[in-house]
Structure formats: structure tokens, C-alpha cells
Amino acid sequence: MSALEKIGLAALHRIDPETGHGLALKALKAGLGPKGGPVTSARLATRVAGIDLPNPVGLAAGFDKNAVALDALSKTGFGFIEVGAATPRPQEGNPRPRLWRLSADRAAINRFGFNNEGMEAIAGRLERRPRGVIGLNLGANKDSEDRAADFATVLKRCGPHLDFATVNVSSPNTEKLRDLQGRAALSALLAGVMTANAGLSRPLPVFLKIAPDLSEAEIEDVARVAEETGVSAIVATNTTLSREGLSDPQKDNMGGMSGQPLFEKSTRVLARLSSLTDLPLIGVGGVGSAEQAYQKIRAGASAVQLYTALVYGGVSLAGEIARGLDRLLERDGFANVSEAVGTGRADWL
């Protein structure tokens, strides 16, 4: 991390988290972030769900909800970027405050509720997107009469400008959204999304993002439904409703918790999924170092994503993790990251 980034992070941590997040995006757009492009090497370059990635370290959805900083983010070291979540119509989300830093735990709690400018504004920016691998997290409007149909609607509008799309039925901040993870509801929802995807001039890999709070039976159902409906990969996991292991005074705020305390819980879900399906898995939850990215990969992830760790490590963390992962793979004799996938799964089961 550069001296300028350290100063900037310290300043942002003195103000309201949501305001700070907005300023961080503005700073990136102004050219104050890293400028080297994706970190890559023969060991890091990989293919996941038919997508060629320069490295397997991605940016999770939520950091750039409205796709306003794509040019800057494409230069920060990430191997792929996911923006959104996008809903058909713009929506304000839940009332503020709705984001809290839990500095003592290197975590965060948010209850945004899919606040975004809507698919039309986001599609307009995606039309002018830079090179690189860019995906969109698909969401549903809170007051929609047919939430399942909303996902397909956003895919139809934005799909032509994407490399992948993620169906997000796992945010805890939209009432009853997680109900769509049940076997029957999820099957119907994904069938609609896949029909919309087939109608695109260039059908996309469609990912499914799940919660870390599922039971063993629910995890098995997700794996089966994903396979049956033709999903290309599963993203494990979103934020958790659990507060286990937290010590920060703000731990009791309502919303989904992300960051370091989620690492073990999400990695166990990831490893369980890895034992149930051959679908590629994207590991998310608590990744804040190269070693943690490596653990996710060895637990069964073909790639990883991070977001909350950037709050504490800065956006340059993406490149640091990718370079560190390269060294770990070399240390252990892997010619390519794909060779390491699942080699440590048993440690998490």
C-alpha cells in the first residue's frame, strides 16, 4: 500500500462509512488508484466457467453498485470485476444509516437493500465498458409483484455488455428474498433466467450466489438445482446473519455481516459444495490475504472475490493478494492455480 493510500484510508475511516465509500469511488475515478492492470502469470491465468481470467482474484458485487468506476477498477490488479446488484427500476434501498465498520473485527455490517440507479443507467455505462472480464449481479426490486421475473429482466437488458451474470437470491437485506433459495422457487427462478439467457445473441455463463446460513439439506438442494438448470458456477457465499465471534460494539446492528469473521463459515459451505458438485465455485467471505485466497482455492474454489477487506487494506490489496498467491503456488509446486483447486477440501469438512 502506498503512503497516499494509507493517508486516504485513515481519512475515510474518520467519516461515515457510506459517505467514505462514495468518496473512495470518486478517488478511483480521479485516477488515485493503482494503474498497472490485472496481475497475471502462467500460474495465475486460468479458465473458469468458460471465461479466461488473468488471475483468479475478483472484486465482489457491492463495491461499485452502479458501474461508475469500471475504467479505474480494471487497472487495480483484479482478474475480474462484478458490479451491481442491479434491479429493473431504480430504488433507494433501506434508510440510512445502513453500513457499519466493525474495525475491532475487520468486518462490516450492511443493510443497503439493493440501492442502485436501475438497469437502464447501469446498462448505459456497461455499453462503454473497458476491456477485461466484467459481470453483473442481478437483483429484484423490493416492491416487485414478480421478483423472480426481475432477474431475467435485468439480464435481458444488460446481458449484451457482460461476460457473466450472477443471480443474487442470498442478500439478507430485502425481505423474503432468501425464500427464493428453496428448491421449488429456485428452480422456477433459474428456469426463467436461463430462458432469458438463451435468448441473448451471446448467452452468458450464469452464476448463482448463495447464503452461508443454509442447512446441509439446503446446500444439497442448491447443488442439485444449479446442475439441473444449467448454472455455470456457484458463488459461495454472501453475507451472514450470524454474529458469532464478533466483539465490536456495533455488532448488533441489523444486516448482513461480511469480513474476517465470515471466513471459516463461508469456507466450510464452499468445501461442502465442492464435495457435492463438479460445478466451478467462486469463494467469497473473509478473503483478506493471499493465504486466505489460497485456502479458499484448496477448499474447492476455482476463483475468489473480495470486498470488505478493501475497507481495511485498500484497493491495492487485489494486486498484493494475486502476487502472493502466485508465490504460494510456486512454493507448493503447482504449475497453475487450477491444479490446487480442492486439494485441501478435507480440512474443511
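This text goes with the structure placed above it.
One structure accompanies this document, and this report is about it. It should be emphasised that the depicted structure is a prediction, and the values quoted were computed from it without experimental measurement.

What follows deals with the overall build of the protein chain. When you go through the protein chain residue by residue, the secondary structure sums to 11 helices and 13 strands. Dimensions of the protein chain, computed from the C-alpha atoms along their principal axes, are close to 50 × 45 × 40 Å. The buried share among the 349 residues of the protein chain stands at 59%. Excluding contacts between residues fewer than 6 apart, the proportion of contacts in the protein chain whose partners are at least 24 apart in sequence is 74%. Carbon and sulfur atoms form 51% of the exposed surface of the protein chain, whose accessible area is close to 13900 Å². Counting 40 positive and 38 negative side-chain charges, the protein chain places the centres of these two groups 5 Å from one another.

All right, on to the packing of aromatic side chains then. Considering all chains together, one arrives at 4 aromatic pairs under this definition. For the ring pair Phe-80 and Phe-164, a centre distance of 6.2 Å and an interplane angle of 70 degrees mean the geometry is edge-to-face. Linking Phe-80 in strand β4 (residues 80–86) with Phe-164 in strand β8 (residues 164–168), this pair joins segments that are 84 residues apart in sequence. For the pair Phe-80 and Phe-164, one class covers both residues: buried. An angle of 80 degrees between the planes, with centres 5.8 Å apart, marks the rings of Phe-263 and Trp-348 as edge-to-face. Of the two residues, Phe-263 sits in helix α8 (residues 263–276) while Trp-348 sits in the segment after α11 (317–331), which places them 85 residues apart along the sequence.

On to the packing of α8 against helix α9 (residues 290–299), then. Running from amino to carboxyl end, α8 crosses α9 at an angle of 25 degrees, the nearest separation of the two axes being 8 Å. As judged from the angle between their axes, α8 and α9 are roughly parallel. Residues Phe-263, Ser-266, Thr-267, Leu-270, Ala-271 and Ser-274 of α8 form the contact with α9, whose participating residues are Gln-292, Gln-295, Lys-296 and Ala-299. The residue inventory of the contact of α8 with α9, partitioned by class, reads 4 nonpolar, 5 polar and 1 charged.

With omega at 15 degrees, the peptide bond leading from Gly-84 into Ala-85 counts as cis. For Ala-85, the location among the structural elements is in strand β4. For the bond running from Ala-236 to Thr-237, omega is 15 degrees, close enough to zero to count as cis. Within the secondary structure, Thr-237 sits in the loop between β10 (233–236) and β11 (256–259).

So, about the side chain of Ser-258. On the secondary structure map, Ser-258 appears in strand β11. A distance of 2.6 Å separates a polar atom in the side chain of Ser-258 from a polar atom in the side chain of Thr-308. With near-sequence residues (within four places) excluded, Ser-258 lies in contact with Ala-107, Ala-108, Thr-239 and Thr-308.

The next thing to look at is the sheet that holds strand β7 (residues 134–138). As summarised here, the arrangement of the 8 strands in space is β3-β4-β7-β8-β9-β10-β12-β13, forming a closed barrel in which the pairing is parallel. The sheet shows a mean angle of 25 degrees between the axes of neighbouring strands, taken without regard to direction. Relative to strand β13 (residues 303–306), strand β12 (residues 281–284) runs parallel, the two being bridged by 3 bridges. Within β13, the residue paired with Ile-282 across the bridge is Ala-303. Of the strands in this sheet, β4, β7 and β8 are in contact with helix α5 (residues 147–158), which crosses β7 at around 155 degrees.

Reading guide: rules and limits
- Residues numbered from 1 in each chain as written.
- Predicted model: local features only at pLDDT ≥ 70, side-chain atom pairs only at ≥ 80, totals over all residues.
- Heavy atoms only, no water.
- Helix = DSSP H or I, 4+ residues; strand = E, 2+ residues; numbered from the N terminus.
- Buried < 20%, exposed > 50% of the residue type's maximum accessible area, 1.4 Å probe, protein only.
- Contact = heavy atoms within 4.5 Å.
- Areas by Shrake-Rupley, 256 points an atom, 1.4 Å probe, with all protein chains shown as cover.
- Lys, Arg positive; Asp, Glu negative; His and termini not counted.
- Charge placed at Lys NZ, Arg CZ, Asp CG, Glu CD.
- Phe/Tyr/Trp six-rings, centres within 6.5 Å; stacked < 30°, edge-to-face > 60°.
- Axes fitted to C-alpha atoms, helices over the stretch in contact; angles between N-to-C directions.
- Parallel < 35°, antiparallel > 145°, perpendicular 65-115°, else oblique.
- Nonpolar A, V, L, I, M, F, W, Y, C, P; charged D, E, K, R; others polar.
- Polar contact = N/O pair within 3.5 Å; in protein donor to acceptor, adjacent residues only side chain to side chain.
- Pairing = 2+ DSSP bridges.

Worth remembering: the numbers are spatial, not functional.
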